[in-house]
Amino acid sequence: SGIGSWFTEADFGQFFPNIDNPACTGKDFFTHAALVRAAAAFPSFANSGDLAIDKLELAAFLGQTGHQTTGGWATAPGGPQAWGYC
């Protein structure tokens, strides 16, 4: 149960394609494992039993936090929003 059972490291990597880039100042701060551990502290987070709803909840969370923490710049590869948590 929990997001670790359906949101894989590969999914995380697709959501944050530059998080392991050396230019990312947040490198190693936010990882798939850290997300799974944090989510476990809030058992109802993205864990309703309805996978479609859970995916929407996680996508909304990651979209908002990724947007608010972007370290991208105007000409960043993939655009500035591709650099969430950097």
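About the criteria used
- Residues numbered from 1 in each chain as written.
- Predicted model: local features only at pLDDT ≥ 70, side-chain atom pairs only at ≥ 80, totals over all residues.
- Heavy atoms only, no water.
- Helix = DSSP H or I, 4+ residues; strand = E, 2+ residues; numbered from the N terminus.
- Rg over C-alpha atoms; globule rule 2.2 N^0.38 Å.
- Areas by Shrake-Rupley, 256 points an atom, 1.4 Å probe, with all protein chains shown as cover.
- Core = buried A, V, L, I, M, F, W, Y, C linked by side-chain atoms within 4.5 Å.
- Buried < 20%, exposed > 50% of the residue type's maximum accessible area, 1.4 Å probe, protein only.
- Contact = heavy atoms within 4.5 Å.
- Salt bridge = Lys/Arg side-chain N within 4 Å of Asp/Glu carboxyl O.
- Phe/Tyr/Trp six-rings, centres within 6.5 Å; stacked < 30°, edge-to-face > 60°.
- Disulfide = S-S within 2.5 Å.

### Here we look at the overall build of the chain
The helix and strand inventory of the chain stands at three helices and zero strands. Along the chain, helices and strands appear, N-terminal first, in the series α-α-α. In terms of overall size, the chain behaves like a compact globule, its C-alpha atoms giving a radius of gyration of 13 Å where 86 residues would be expected to give roughly 12 Å. Projected onto the principal axes, the alpha-carbon positions of the chain cover approximately 40 × 20 × 20 Å. As displayed, the chain has an accessible area near 5,100 Å², and 60% of this comes from carbon and sulfur atoms.

### Things to note about the nonpolar core
Note that soluble globular proteins tend to have their nonpolar side chains buried in a common cluster. Among the nonpolar cores identified, the biggest contains 14 residues, and Ile3, Phe7, Phe30, Leu35 and Leu58 are the most heavily contacted of them. In this view, Leu58 contacts Ile3, Trp6, Phe7, Leu35, Phe45 and Ala46; residues no more than four positions away in its chain are not counted. Counting residues in each nonpolar core, the second largest holds five residues, with Cys24, Ala76, Ala82 and Trp83 among its members.

### So, the pattern of salt bridges
Tallying each qualifying case throughout the model produces one salt bridge. With its nearest N and O atoms 3.8 Å apart, the salt bridge here joins Asp28 to Lys27. Residue Lys27 is classed as partly exposed on the basis of its relative accessible area, which comes to 34%.

### A short note on the packing of aromatic side chains
This model, assessed by the stated rule, comprises nine aromatic pairs. Judged by centre distance (5.3 Å) and plane angle (75 degrees), the rings of Phe45 and Phe61 are edge-to-face. Highlighted residues: Phe45 in the loop between helix H2 (32–40) and helix H3 (51–68) and Phe61 in helix H3, separated in sequence by 16 residues. Members of the aromatic cluster, joined through ring pairs, are Phe12, Phe15, Phe16, Phe30 and Tyr85.

### So, the state of the cysteines
For the coordinates displayed, the defined rule picks out one disulfide. Put simply, Cys24 and Cys86 are joined by a disulfide, and their sulfur atoms are 2.1 Å apart. The S-S bond linking Cys24 to Cys86 shows a torsion near -100 degrees; that makes this disulfide left-handed. Of this pair, Cys24 sits in the loop between helix H1 (9–15) and H2 while Cys86 sits in the segment after H3, and the two are 62 residues apart along the sequence. One exposure class covers both Cys24 and Cys86, and it is buried.

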